[in-house]
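Residue-level structural notes
Below are the chains, spelled out letter by letter.
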Amino acid sequence: MIKSYRVRILIKGEIMGKISLEVNGRKVEKEASDNTLLSTFLREHLQLTGTHIGCDTSQCGACVVHVDGNSLKSCTALAADVNGSKVTTIEGLETNGKMHPMQEAFKKLHGLQCGFCTPGMVMSAVDLLQKNKKPSDTEIRDWLEGNICRCTGYQNIVAAVKEAATKM
Amino acid sequence: MKDFNYHSAKDSKEASKLASSSSAFLAGGMTTIPSMKLGLATYKDLIDIKNIKKLSGIKVSGKSVTIGAATKHVEVSNSKDVKKAIPSLSSLAEGIGDPQVRNRGTIGGSIANNDPSADYPSACIALNATIHTNERKIESAKFFKGMFETALKKGELIEAIEFQIPEKSSYQKHPNPASRYAIVGVYVAKHKGDVNVAVTGAKSCVYNDKEMSKALSGNFSSSSIDGMDLDSSEMNTDMHASAEFRASLVVTQAKKAVDAC
Ligand SMILES: Cc1cc2nc3c(=O)[nH]c(=O)nc-3n(C[C@H](O)[C@H](O)[C@H](O)COP(=O)(O)OP(=O)(O)OC[C@H]3O[C@@H](n4cnc5c(N)ncnc54)[C@H](O)[C@@H]3O)c2cc1C
Ligand code: FES
Ligand code: FES
(Lines give C-alpha, C1' and ligand atoms only; values in the text may rest on other atoms or scores of the structure.)
(Ligands and ions follow the chains in the order given, each with its own letter.)
Protein backbone atom coordinates (compact mmCIF):
# COMPACT_ATOMS: atom_id res chain seq x y z
CA MET A 1 0.00 0.00 0.00
CA ILE A 2 1.43 3.37 -0.99
CA LYS A 3 1.09 5.83 1.86
CA SER A 4 -0.20 9.15 0.62
CA TYR A 5 1.99 12.18 1.07
CA ARG A 6 0.77 14.47 3.81
CA VAL A 7 1.03 18.23 3.47
CA ARG A 8 1.07 19.83 6.90
CA ILE A 9 0.17 23.35 7.99
CA LEU A 10 0.12 25.24 11.28
CA ILE A 11 -3.38 26.00 12.58
CA LYS A 12 -3.79 27.67 15.99
CA GLY A 13 -0.33 26.56 16.99
CA GLU A 14 -0.92 22.91 16.11
CA ILE A 15 0.73 21.07 13.27
CA MET A 16 -2.15 19.77 11.19
CA GLY A 17 -2.20 17.55 8.15
CA LYS A 18 -4.69 15.67 6.09
CA ILE A 19 -5.52 12.10 7.02
CA SER A 20 -7.05 10.01 4.24
CA LEU A 21 -8.40 6.62 5.15
CA GLU A 22 -10.96 4.15 3.92
CA VAL A 23 -13.06 3.46 7.00
CA ASN A 24 -15.68 0.72 6.79
CA GLY A 25 -15.68 1.00 3.02
CA ARG A 26 -16.12 4.80 3.01
CA LYS A 27 -13.36 7.21 1.96
CA VAL A 28 -12.70 9.87 4.58
CA GLU A 29 -10.41 12.89 4.59
CA LYS A 30 -9.94 15.14 7.61
CA GLU A 31 -7.37 17.50 9.00
CA ALA A 32 -5.79 16.22 12.19
CA SER A 33 -2.78 17.15 14.28
CA ASP A 34 0.26 14.88 14.07
CA ASN A 35 -0.25 13.64 17.62
CA THR A 36 -3.78 12.33 16.89
CA LEU A 37 -4.12 8.68 17.81
CA LEU A 38 -6.06 6.46 15.44
CA SER A 39 -8.55 5.81 18.26
CA THR A 40 -9.07 9.58 18.73
CA PHE A 41 -9.45 10.06 14.99
CA LEU A 42 -12.13 7.35 14.84
CA ARG A 43 -14.02 8.43 17.95
CA GLU A 44 -13.73 12.22 17.84
CA HIS A 45 -13.21 13.12 14.20
CA LEU A 46 -15.49 10.47 12.68
CA GLN A 47 -17.83 9.93 15.68
CA LEU A 48 -17.29 6.17 15.45
CA THR A 49 -17.55 5.65 19.19
CA GLY A 50 -17.93 1.86 19.00
CA THR A 51 -14.17 1.69 19.36
CA HIS A 52 -13.60 1.96 23.12
CA ILE A 53 -10.73 3.23 25.25
CA GLY A 54 -10.18 1.20 28.39
CA CYS A 55 -6.60 1.96 29.43
CA ASP A 56 -3.53 4.13 28.95
CA THR A 57 -1.05 1.29 28.77
CA SER A 58 -1.93 -0.57 25.55
CA GLN A 59 -3.02 -3.61 27.54
CA CYS A 60 -6.82 -3.87 27.51
CA GLY A 61 -7.67 -4.28 23.81
CA ALA A 62 -11.01 -2.42 23.96
CA CYS A 63 -9.73 -0.28 21.05
CA VAL A 64 -8.87 -3.09 18.60
CA VAL A 65 -9.69 -2.36 14.95
CA HIS A 66 -8.44 -3.84 11.68
CA VAL A 67 -5.94 -1.93 9.54
CA ASP A 68 -5.31 -3.41 6.10
CA GLY A 69 -6.77 -6.69 7.33
CA ASN A 70 -4.83 -7.10 10.59
CA SER A 71 -5.95 -6.29 14.10
CA LEU A 72 -4.15 -3.57 16.01
CA LYS A 73 -4.68 -1.42 19.08
CA SER A 74 -5.92 1.87 17.71
CA CYS A 75 -4.88 3.65 20.93
CA THR A 76 -1.26 2.79 20.10
CA ALA A 77 -1.08 3.92 16.49
CA LEU A 78 -1.01 7.44 15.11
CA ALA A 79 -3.60 8.37 12.52
CA ALA A 80 -0.71 9.82 10.48
CA ASP A 81 1.12 6.56 10.68
CA VAL A 82 -1.72 4.52 9.10
CA ASN A 83 -2.53 7.24 6.57
CA GLY A 84 -3.73 5.71 3.29
CA SER A 85 -4.89 2.44 4.88
CA LYS A 86 -8.17 0.57 5.00
CA VAL A 87 -9.68 0.52 8.48
CA THR A 88 -12.54 -1.63 9.74
CA THR A 89 -14.15 -0.84 13.07
CA ILE A 90 -16.92 -2.64 14.94
CA GLU A 91 -19.44 -0.43 13.09
CA GLY A 92 -18.21 -1.90 9.81
CA LEU A 93 -18.96 -5.54 10.59
CA GLU A 94 -22.69 -5.60 9.87
CA THR A 95 -24.01 -6.10 6.35
CA ASN A 96 -27.34 -4.51 5.40
CA GLY A 97 -28.41 -4.22 9.03
CA LYS A 98 -27.53 -7.85 9.77
CA MET A 99 -25.05 -8.59 12.51
CA HIS A 100 -21.79 -10.33 11.75
CA PRO A 101 -21.75 -14.05 12.80
CA MET A 102 -19.28 -13.15 15.56
CA GLN A 103 -21.64 -10.52 16.96
CA GLU A 104 -24.55 -12.99 16.71
CA ALA A 105 -22.54 -15.61 18.59
CA PHE A 106 -21.57 -13.18 21.37
CA LYS A 107 -25.25 -12.23 21.74
CA LYS A 108 -26.53 -15.81 21.66
CA LEU A 109 -23.99 -17.23 24.10
CA HIS A 110 -23.82 -14.26 26.50
CA GLY A 111 -20.23 -13.42 25.57
CA LEU A 112 -20.76 -10.02 27.15
CA GLN A 113 -22.14 -8.38 30.24
CA CYS A 114 -21.40 -4.64 30.45
CA GLY A 115 -20.17 -4.68 26.85
CA PHE A 116 -17.22 -2.38 27.36
CA CYS A 117 -14.59 -4.84 26.14
CA THR A 118 -16.86 -6.30 23.46
CA PRO A 119 -15.97 -4.20 20.38
CA GLY A 120 -12.28 -5.03 20.81
CA MET A 121 -13.00 -8.65 21.73
CA VAL A 122 -15.12 -9.11 18.60
CA MET A 123 -12.63 -7.39 16.28
CA SER A 124 -9.77 -9.42 17.69
CA ALA A 125 -11.75 -12.68 17.42
CA VAL A 126 -12.72 -11.94 13.81
CA ASP A 127 -9.02 -11.51 13.00
CA LEU A 128 -8.29 -14.85 14.66
CA LEU A 129 -10.81 -16.65 12.45
CA GLN A 130 -9.33 -14.99 9.36
CA LYS A 131 -6.04 -16.65 10.24
CA ASN A 132 -7.17 -19.87 11.86
CA LYS A 133 -10.55 -21.21 10.78
CA LYS A 134 -10.92 -23.86 13.51
CA PRO A 135 -9.06 -22.68 16.60
CA SER A 136 -8.90 -24.83 19.72
CA ASP A 137 -9.88 -23.46 23.15
CA THR A 138 -6.22 -22.88 23.95
CA GLU A 139 -5.62 -21.08 20.66
CA ILE A 140 -8.62 -18.83 21.31
CA ARG A 141 -7.41 -18.02 24.83
CA ASP A 142 -3.87 -17.35 23.61
CA TRP A 143 -5.11 -15.11 20.84
CA LEU A 144 -7.30 -13.08 23.21
CA GLU A 145 -4.32 -12.45 25.50
CA GLY A 146 -4.46 -8.73 24.67
CA ASN A 147 -8.18 -8.34 25.41
CA ILE A 148 -9.21 -7.87 29.00
CA CYS A 149 -12.77 -8.46 30.21
CA ARG A 150 -13.62 -7.67 33.82
CA CYS A 151 -17.15 -9.11 33.70
CA THR A 152 -17.62 -12.42 31.95
CA GLY A 153 -14.83 -14.64 33.20
CA TYR A 154 -14.08 -15.41 29.53
CA GLN A 155 -15.87 -18.81 29.37
CA ASN A 156 -18.75 -17.52 27.27
CA ILE A 157 -16.43 -15.49 25.10
CA VAL A 158 -14.46 -18.60 24.19
CA ALA A 159 -17.74 -20.45 23.55
CA ALA A 160 -18.95 -17.62 21.31
CA VAL A 161 -15.78 -17.63 19.22
CA LYS A 162 -16.11 -21.40 18.76
CA GLU A 163 -19.74 -21.02 17.73
CA ALA A 164 -18.84 -18.26 15.25
CA ALA A 165 -16.17 -20.52 13.76
CA THR A 166 -18.90 -22.94 12.70
CA LYS A 167 -20.82 -20.13 10.96
CA MET A 168 -18.05 -18.22 9.19
CA MET B 1 -0.13 13.57 24.41
CA LYS B 2 2.10 16.61 23.83
CA ASP B 3 2.33 17.95 20.29
CA PHE B 4 5.08 16.74 17.97
CA ASN B 5 6.02 16.59 14.31
CA TYR B 6 5.49 13.31 12.51
CA HIS B 7 7.91 12.50 9.70
CA SER B 8 8.01 9.43 7.52
CA ALA B 9 11.58 8.76 6.38
CA LYS B 10 12.17 7.12 3.01
CA ASP B 11 15.66 5.80 3.75
CA SER B 12 18.16 5.41 6.60
CA LYS B 13 20.03 8.53 5.53
CA GLU B 14 16.95 10.72 5.78
CA ALA B 15 15.98 9.13 9.11
CA SER B 16 19.33 9.86 10.73
CA LYS B 17 19.45 13.34 9.21
CA LEU B 18 16.09 14.18 10.80
CA ALA B 19 17.18 12.82 14.19
CA SER B 20 18.07 15.24 16.98
CA SER B 21 18.39 15.26 20.75
CA SER B 22 14.61 15.68 21.00
CA SER B 23 13.49 13.05 18.51
CA ALA B 24 12.71 9.33 18.54
CA PHE B 25 12.37 6.82 15.77
CA LEU B 26 8.89 5.40 15.40
CA ALA B 27 8.94 1.71 14.57
CA GLY B 28 6.01 -0.28 16.01
CA GLY B 29 5.30 2.50 18.49
CA MET B 30 4.36 -0.12 21.09
CA THR B 31 6.74 1.40 23.62
CA THR B 32 7.06 4.97 22.38
CA ILE B 33 3.35 5.77 22.12
CA PRO B 34 2.31 4.45 25.55
CA SER B 35 5.25 6.25 27.19
CA MET B 36 4.30 9.51 25.48
CA LYS B 37 0.66 9.07 26.47
CA LEU B 38 1.68 8.57 30.09
CA GLY B 39 3.95 11.62 29.94
CA LEU B 40 7.03 9.50 30.64
CA ALA B 41 8.64 10.70 27.40
CA THR B 42 8.20 13.74 25.19
CA TYR B 43 9.68 14.32 21.76
CA LYS B 44 9.58 17.21 19.30
CA ASP B 45 9.87 14.88 16.34
CA LEU B 46 8.85 11.30 15.65
CA ILE B 47 10.60 9.80 12.67
CA ASP B 48 8.66 6.88 11.25
CA ILE B 49 11.05 4.25 9.88
CA LYS B 50 8.46 1.62 8.93
CA ASN B 51 8.33 2.68 5.30
CA ILE B 52 12.07 2.18 4.78
CA LYS B 53 12.04 -1.01 2.71
CA LYS B 54 15.63 -1.95 3.46
CA LEU B 55 14.84 -2.28 7.18
CA SER B 56 12.35 -5.14 6.79
CA GLY B 57 12.90 -8.75 5.93
CA ILE B 58 14.66 -11.95 6.90
CA LYS B 59 17.72 -13.51 5.27
CA VAL B 60 19.19 -16.89 6.13
CA SER B 61 22.70 -17.94 5.14
CA GLY B 62 24.64 -21.06 6.15
CA LYS B 63 25.82 -19.59 9.43
CA SER B 64 23.46 -16.80 10.31
CA VAL B 65 19.95 -15.38 10.27
CA THR B 66 19.75 -11.65 9.57
CA ILE B 67 16.57 -9.80 10.48
CA GLY B 68 15.84 -6.23 9.40
CA ALA B 69 15.28 -3.85 12.31
CA ALA B 70 11.72 -2.91 11.33
CA THR B 71 10.64 -6.54 10.93
CA LYS B 72 7.59 -7.17 13.08
CA HIS B 73 7.39 -9.83 15.77
CA VAL B 74 4.62 -11.60 13.80
CA GLU B 75 6.86 -11.82 10.74
CA VAL B 76 9.62 -13.49 12.76
CA SER B 77 7.21 -15.92 14.43
CA ASN B 78 5.60 -16.88 11.08
CA SER B 79 8.81 -17.16 9.10
CA LYS B 80 9.44 -20.70 7.86
CA ASP B 81 13.12 -19.81 7.37
CA VAL B 82 13.54 -18.75 11.00
CA LYS B 83 11.59 -21.77 12.21
CA LYS B 84 13.96 -24.03 10.32
CA ALA B 85 17.24 -22.30 11.15
CA ILE B 86 16.60 -21.22 14.78
CA PRO B 87 13.24 -22.56 16.01
CA SER B 88 13.74 -21.07 19.47
CA LEU B 89 13.89 -17.57 17.96
CA SER B 90 10.57 -17.98 16.21
CA SER B 91 8.92 -19.27 19.38
CA LEU B 92 10.40 -16.36 21.35
CA ALA B 93 8.73 -13.95 18.89
CA GLU B 94 5.46 -15.86 19.21
CA GLY B 95 5.55 -15.37 22.98
CA ILE B 96 5.87 -11.58 22.96
CA GLY B 97 2.85 -9.73 24.39
CA ASP B 98 -0.30 -10.43 22.41
CA PRO B 99 -1.25 -10.65 18.70
CA GLN B 100 -1.84 -6.91 18.35
CA VAL B 101 1.54 -6.11 19.94
CA ARG B 102 3.17 -8.64 17.60
CA ASN B 103 1.38 -7.12 14.58
CA ARG B 104 3.14 -3.78 15.22
CA GLY B 105 6.18 -4.21 17.49
CA THR B 106 9.58 -4.64 15.84
CA ILE B 107 12.82 -6.36 16.73
CA GLY B 108 14.84 -3.15 16.33
CA GLY B 109 12.51 -1.24 18.63
CA SER B 110 12.71 -3.97 21.21
CA ILE B 111 16.49 -4.06 21.42
CA ALA B 112 16.91 -0.28 21.12
CA ASN B 113 14.56 0.08 24.06
CA ASN B 114 16.41 -2.60 26.09
CA ASP B 115 13.67 -3.12 28.65
CA PRO B 116 15.11 -5.25 31.49
CA SER B 117 12.30 -7.80 30.94
CA ALA B 118 12.21 -7.80 27.15
CA ASP B 119 12.69 -11.07 25.28
CA TYR B 120 14.84 -10.22 22.23
CA PRO B 121 17.90 -8.93 24.14
CA SER B 122 18.39 -12.45 25.54
CA ALA B 123 18.31 -13.89 22.00
CA CYS B 124 20.99 -11.40 20.94
CA ILE B 125 23.30 -12.43 23.79
CA ALA B 126 22.65 -16.17 23.47
CA LEU B 127 23.03 -16.21 19.68
CA ASN B 128 26.17 -13.97 19.58
CA ALA B 129 24.27 -11.43 17.50
CA THR B 130 25.90 -8.57 15.66
CA ILE B 131 23.88 -5.35 15.59
CA HIS B 132 24.29 -3.56 12.26
CA THR B 133 23.64 0.16 12.42
CA ASN B 134 23.90 2.88 9.77
CA GLU B 135 27.35 3.65 11.18
CA ARG B 136 28.97 0.44 12.40
CA LYS B 137 28.63 -3.15 13.64
CA ILE B 138 28.26 -3.74 17.38
CA GLU B 139 28.67 -7.06 19.18
CA SER B 140 25.74 -7.83 21.50
CA ALA B 141 28.06 -8.21 24.47
CA LYS B 142 28.92 -4.51 24.07
CA PHE B 143 25.47 -3.32 22.99
CA PHE B 144 23.31 -3.78 26.09
CA LYS B 145 24.74 -1.32 28.61
CA GLY B 146 22.20 -1.13 31.43
CA MET B 147 18.54 -0.52 32.21
CA PHE B 148 16.98 0.98 29.03
CA GLU B 149 20.52 1.84 27.95
CA THR B 150 22.42 0.71 24.86
CA ALA B 151 25.61 1.57 22.97
CA LEU B 152 23.56 3.46 20.35
CA LYS B 153 24.48 7.08 19.87
CA LYS B 154 21.79 9.71 19.38
CA GLY B 155 20.36 9.36 15.88
CA GLU B 156 22.14 6.06 15.22
CA LEU B 157 19.75 3.70 13.46
CA ILE B 158 19.75 -0.07 13.80
CA GLU B 159 19.41 -1.56 10.34
CA ALA B 160 19.59 -5.29 11.01
CA ILE B 161 20.40 -7.92 13.62
CA GLU B 162 22.53 -10.88 12.58
CA PHE B 163 22.12 -14.01 14.72
CA GLN B 164 24.60 -16.86 14.67
CA ILE B 165 22.84 -20.21 14.06
CA PRO B 166 23.59 -22.45 17.07
CA GLU B 167 23.79 -26.24 17.19
CA LYS B 168 20.91 -26.33 19.65
CA SER B 169 18.95 -23.70 21.55
CA SER B 170 15.85 -23.03 23.59
CA TYR B 171 14.22 -19.99 25.20
CA GLN B 172 12.16 -20.56 28.35
CA LYS B 173 10.24 -17.68 29.82
CA HIS B 174 8.28 -17.45 33.04
CA PRO B 175 5.93 -14.69 31.89
CA ASN B 176 4.12 -12.06 33.85
CA PRO B 177 0.57 -13.38 33.42
CA ALA B 178 -0.80 -9.92 32.53
CA SER B 179 1.76 -8.34 30.20
CA ARG B 180 3.65 -11.48 29.07
CA TYR B 181 6.94 -9.68 29.73
CA ALA B 182 9.50 -12.02 31.29
CA ILE B 183 9.60 -12.22 35.09
CA VAL B 184 12.58 -14.37 34.19
CA GLY B 185 13.52 -15.66 30.75
CA VAL B 186 16.53 -17.84 29.99
CA TYR B 187 17.90 -18.40 26.50
CA VAL B 188 20.33 -21.30 26.28
CA ALA B 189 22.32 -21.74 23.06
CA LYS B 190 24.94 -24.39 22.41
CA HIS B 191 27.48 -23.26 19.83
CA LYS B 192 30.44 -25.27 18.54
CA GLY B 193 32.89 -23.99 21.13
CA ASP B 194 30.78 -22.90 24.07
CA VAL B 195 27.37 -22.47 25.62
CA ASN B 196 25.63 -19.15 26.29
CA VAL B 197 23.06 -18.77 29.04
CA ALA B 198 21.41 -15.38 28.50
CA VAL B 199 19.13 -14.19 31.27
CA THR B 200 16.47 -11.49 31.01
CA GLY B 201 14.06 -10.14 33.64
CA ALA B 202 16.28 -11.04 36.59
CA LYS B 203 18.57 -7.99 36.81
CA SER B 204 18.52 -4.40 35.54
CA CYS B 205 19.89 -5.58 32.20
CA VAL B 206 20.21 -8.80 30.22
CA TYR B 207 23.42 -10.77 30.94
CA ASN B 208 25.24 -13.99 30.11
CA ASP B 209 25.46 -16.15 33.25
CA LYS B 210 29.12 -17.16 33.30
CA GLU B 211 28.74 -19.76 36.03
CA MET B 212 26.05 -21.72 34.21
CA SER B 213 27.76 -21.24 30.82
CA LYS B 214 30.92 -22.78 32.23
CA ALA B 215 29.14 -25.73 33.80
CA LEU B 216 27.15 -26.42 30.64
CA SER B 217 30.17 -26.03 28.35
CA GLY B 218 31.78 -28.84 30.35
CA ASN B 219 28.73 -31.08 30.39
CA PHE B 220 25.63 -30.10 28.42
CA SER B 221 23.08 -31.63 30.75
CA SER B 222 20.59 -30.01 33.12
CA SER B 223 22.12 -32.07 35.93
CA SER B 224 25.28 -29.96 35.72
CA ILE B 225 23.39 -26.85 36.89
CA ASP B 226 20.86 -28.58 39.13
CA GLY B 227 20.60 -26.91 42.56
CA MET B 228 23.04 -24.14 41.63
CA ASP B 229 22.83 -21.36 44.21
CA LEU B 230 23.02 -18.10 42.27
CA ASP B 231 23.88 -14.80 43.94
CA SER B 232 20.62 -12.85 44.22
CA SER B 233 22.11 -9.61 45.56
CA GLU B 234 21.81 -7.78 42.20
CA MET B 235 18.47 -9.28 41.23
CA ASN B 236 15.20 -7.37 40.98
CA THR B 237 12.54 -7.43 43.64
CA ASP B 238 9.04 -6.21 42.73
CA MET B 239 5.40 -7.10 43.32
CA HIS B 240 5.74 -10.08 40.99
CA ALA B 241 8.77 -11.82 42.46
CA SER B 242 11.48 -11.38 45.08
CA ALA B 243 15.19 -11.46 44.23
CA GLU B 244 15.55 -14.89 45.88
CA PHE B 245 12.65 -16.30 43.87
CA ARG B 246 14.14 -14.86 40.67
CA ALA B 247 17.53 -16.46 41.44
CA SER B 248 15.84 -19.82 41.82
CA LEU B 249 13.71 -19.26 38.68
CA VAL B 250 16.81 -18.56 36.61
CA VAL B 251 18.11 -22.05 37.40
CA THR B 252 14.71 -23.68 36.85
CA GLN B 253 14.22 -21.96 33.48
CA ALA B 254 17.81 -22.73 32.43
CA LYS B 255 17.29 -26.43 33.24
CA LYS B 256 14.04 -26.45 31.26
CA ALA B 257 15.85 -24.83 28.34
CA VAL B 258 18.67 -27.39 28.38
CA ASP B 259 16.16 -30.25 28.54
CA ALA B 260 14.22 -28.76 25.62
CA CYS B 261 17.34 -28.43 23.45
C1 LIG C 1 0.88 -4.75 26.10
C2 LIG C 1 2.31 -4.94 25.74
C3 LIG C 1 2.93 -6.15 26.01
C4 LIG C 1 4.28 -6.36 25.66
N5 LIG C 1 4.85 -7.55 25.96
C6 LIG C 1 6.14 -7.76 25.66
C7 LIG C 1 6.77 -9.01 25.95
O8 LIG C 1 6.15 -9.95 26.44
N9 LIG C 1 8.08 -9.14 25.65
C10 LIG C 1 8.80 -8.14 25.05
O11 LIG C 1 9.99 -8.32 24.80
N12 LIG C 1 8.24 -6.96 24.73
C13 LIG C 1 6.92 -6.75 25.02
N14 LIG C 1 6.35 -5.55 24.68
C15 LIG C 1 7.16 -4.53 23.98
C16 LIG C 1 7.08 -4.71 22.48
O17 LIG C 1 7.81 -5.84 22.08
C18 LIG C 1 7.56 -3.48 21.73
O19 LIG C 1 7.15 -3.69 20.41
C20 LIG C 1 9.03 -3.22 21.72
O21 LIG C 1 9.60 -3.14 22.96
C22 LIG C 1 9.33 -1.90 21.06
O23 LIG C 1 9.30 -2.08 19.70
P24 LIG C 1 8.57 -1.05 18.76
O25 LIG C 1 8.88 -1.47 17.39
O26 LIG C 1 7.15 -0.96 19.13
O27 LIG C 1 9.39 0.30 19.07
P28 LIG C 1 8.97 1.80 19.24
O29 LIG C 1 8.03 1.96 20.37
O30 LIG C 1 8.56 2.36 17.94
O31 LIG C 1 10.39 2.40 19.64
C32 LIG C 1 10.98 2.12 20.90
C33 LIG C 1 12.34 2.83 21.01
O34 LIG C 1 13.28 2.23 20.14
C35 LIG C 1 13.85 3.17 19.26
N36 LIG C 1 13.99 2.52 17.96
C37 LIG C 1 13.03 1.83 17.28
N38 LIG C 1 13.54 1.29 16.16
C39 LIG C 1 14.86 1.64 16.12
C40 LIG C 1 15.92 1.39 15.21
N41 LIG C 1 15.75 0.66 14.11
N42 LIG C 1 17.14 1.90 15.51
C43 LIG C 1 17.35 2.63 16.63
N44 LIG C 1 16.38 2.90 17.52
C45 LIG C 1 15.14 2.41 17.28
C46 LIG C 1 12.90 4.35 19.24
O47 LIG C 1 13.61 5.55 18.99
C48 LIG C 1 12.31 4.30 20.64
O49 LIG C 1 13.14 4.99 21.53
C50 LIG C 1 5.01 -5.32 25.01
C51 LIG C 1 4.38 -4.11 24.71
C52 LIG C 1 3.05 -3.91 25.06
C53 LIG C 1 2.40 -2.60 24.72
S1 FES D 1 -7.42 1.32 25.06
FE2 FES D 1 -6.52 -0.27 26.18
S3 FES D 1 -5.32 -1.25 24.70
FE4 FES D 1 -6.11 0.42 23.60
S1 FES E 1 -18.32 -7.47 29.32
FE2 FES E 1 -17.75 -5.98 30.76
S3 FES E 1 -15.65 -5.84 30.43
FE4 FES E 1 -16.16 -7.49 29.19
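Quick caveat, the model's predicted, so the values are computed rather than measured.

What counts, and where the lines are drawn
- Residues numbered from 1 in each chain as written.
- Chains lettered and ligands numbered in written order.
- Predicted model: local features only at pLDDT ≥ 70, side-chain atom pairs only at ≥ 80, totals over all residues.
- Heavy atoms only, no water.
- Core = buried A, V, L, I, M, F, W, Y, C linked by side-chain atoms within 4.5 Å.
- Buried < 20%, exposed > 50% of the residue type's maximum accessible area, 1.4 Å probe, protein only.
- Helix = DSSP H or I, 4+ residues; strand = E, 2+ residues; numbered from the N terminus.
- Domains from an automatic or database assignment.
- Pairing = 2+ DSSP bridges.
- Contact = heavy atoms within 4.5 Å.
- Axes fitted to C-alpha atoms, helices over the stretch in contact; angles between N-to-C directions.
- Near = heavy atom within 4 Å.
- Polar contact = N/O pair within 3.5 Å; in protein donor to acceptor, adjacent residues only side chain to side chain.
- Areas by Shrake-Rupley, 256 points an atom, 1.4 Å probe, with all protein chains shown as cover.
- Buried area = accessible area lost by both parts, 1.4 Å probe.
- Salt bridge = Lys/Arg side-chain N within 4 Å of Asp/Glu carboxyl O.
- Parallel < 35°, antiparallel > 145°, perpendicular 65-115°, else oblique.
- Left-handed = near helix turned anticlockwise from the far one by under 90°.
- Nonpolar A, V, L, I, M, F, W, Y, C, P; charged D, E, K, R; others polar.
- Expected span 1.5 Å × (residues − 1).

What follows deals with the nonpolar core. Within the largest apolar cluster, 37 residues are counted, with the highest numbers of intra-cluster contacts made by L89, I111, Y120, I161, F163 and Y187 of chain B. No other element matches helix α8 (residues 120-126) of chain B, which puts five residues into this core. Shared between two domains, this core takes at least three residues from each, and those domains are domain 1 (5-164) and domain 2 (169-260) of chain B. One finds V23 and L37 of chain A together with L26 and M36 of chain B within the second-largest nonpolar core, a separate group that totals 27 residues.

A separate point is the sheet that holds strand β13 (residues 195-200) of chain B. All names here are of chain B. In space, the four strands of this open sheet follow the order β11-β12-β13-β14, with antiparallel pairing throughout. Of all the strands in the sheet, just β11 (168-175) and β14 (207-208) have a single pairing partner and so form its edges. Here β13 runs beside β14; their pairing, made up of two bridges, is antiparallel. Each residue of the ladder has a partner; that of V199, found in β14, is Y207. Running over the sheet, helix α10 (residues 210-218) touches β13 and β14 and is turned about 150 degrees from β13. Each of β11, β12 (182-190), β13 and β14 touches helix α11 (residues 243-260); the most contacted strand, β12, lies at about 40 degrees to it.

Turning to the site of ligand 1, a few remarks are in order. Residues in close proximity to ligand 1 total 33 residues, the closest being A27, G29, M30, T106 and R180 of chain B. Ligand 1 sits at a junction of chains, with neighbouring residues supplied by chains A and B. One of the backbone N or O atoms of G97 of chain B is found 3.1 Å from an oxygen atom in ligand 1. Contacts to ligand 1 include R180 of chain B, whose backbone N or O atom sits 2.7 Å from an oxygen atom. Taken by itself ligand 1 offers 980 Å² of open surface, and the protein chains cover 94% of this. Elements that contribute at least two residues to the shell around ligand 1 include exactly β2 (23-26) and α7 (107-113) of chain B.

Moving on to the interface of chain A and chain B. Quoted interface sizes are often the accessible area lost when the parts come together. Taken together, the 32 residues of chain A in the interface contact 29 residues of chain B. With both sides pooled, the region where chain A packs onto chain B buries about 2,300 Å², and carbon together with sulfur makes up 55% of that total. On the chain A side of the contact with chain B, N35, D81 and E145 of chain A bury the most area, a combined 24% of that side's loss. Counting across the interface, chain A meets chain B through four salt bridges. Note that R180 of chain B is salt-bridged to E145 of chain A, the shortest N-O span being 3.2 Å.

Here we take up the packing of helix α2 (residues 101-108) of chain A against helix α5 (residues 155-167) of chain A. Residue and element names in this part refer to chain A. Remark: α2 packs on α5, axes separated minimally by 8 Å, with the N-to-C direction vectors making an angle of 140 degrees. Taken together, the axes of α2 and α5 lie oblique to each other. Viewed along their axes, α2 and α5 form a crossing whose handedness is right-handed. Listed contacts from α5 to P101, M102, A105, F106 and K108 of α2 are I157, A160, V161, E163, A164 and K167. The residue makeup of the contact of α2 with α5, split by class, is eight nonpolar, no polar and three charged.

Residues and elements named next belong to chain A. Where α2 meets helix α3 (residues 118-131), the axes come as close as 10 Å, and the angle between the chain directions of the two elements is 125 degrees. Put simply, α2 runs oblique to α3. Like other packed secondary-structure pairs, α2 and α3 cross with a definite hand, here right-handed. Within the contact between the two elements, α2 uses M102, Q103 and F106 and α3 uses T118, M121, V122, A125, V126 and L129.

Residue and element names in this part refer to chain A. Not every positive phi belongs to a glycine, and D68 is a case in point at roughly 50 degrees. Looking at where D68 falls in the secondary structure, it is placed in the loop between β4 (64-67) and β5 (70-73). In this structure, N96 is a non-glycine residue whose phi angle is positive, near 45 degrees. Within the secondary structure, N96 sits in the loop between β6 (86-88) and α2. The class for N96 is exposed, based on a relative accessible area of 82%.

All names here are of chain A. When cut into domains, chain A gives domain 1 (8-91) and domain 2 (101-167). Contacts between the two partners involve 17 residues from domain 1 and, on the opposite side, 16 residues from domain 2. For the domain 1 and domain 2 pair, buried surface summed over both sides reaches about 1,200 Å², with 57% attributable to carbon and sulfur atoms. It is H52, H66 and I90 in domain 1 that bury the most area against domain 2; as a group they hold 39% of the surface buried on that side. At the junction of domain 1 with domain 2, the criterion picks out zero salt bridges. The tally of links from domain 1 across to domain 2 stands at seven residue pairs in polar contact (both at pLDDT 80 or more). Looking at the side of domain 1 that touches domain 2, the elements that each hand over two or more residues are β4 and β5. Per-element accounting of the side of domain 1 that touches domain 2 gives the leading share, three residues, to β5.

Moving on, we come to α3 of chain A. Given 3.6 residues per helical turn, the α-helix brings residues three or four places apart onto the same face. Compared with the 20 Å implied by 1.5 Å per residue over 14 residues, the 20 Å span of α3 of chain A between its first and last C-alpha is a close match. T118, P119, G120, M121, V122, M123, S124, A125, V126, D127, L128 and L129 of chain A are the residues of α3 of chain A that are buried.

Quick look at the side chain of S71 of chain A now. Mapped onto the fold, S71 of chain A is located in strand β5. In contact with S71 of chain A, other than residues within four places in its own chain, are V64, V65, H66, D127 and W143 of chain A together with Q100 and N103 of chain B.

Right, let's get into the sheet that holds β2 of chain B. All names here are of chain B. Taken in spatial order, the three strands line up as β1-β3-β2 in an open sheet, and their pairing is parallel. Only two strands of the sheet have a single neighbouring strand rather than two, namely β1 (5-8) and β2. On average, each strand axis in the sheet is tilted by 25 degrees relative to the strand beside it, whichever way the strands run. In terms of strand pairing, β2 meets strand β3 (residues 45-48) through four bridges, oriented parallel.

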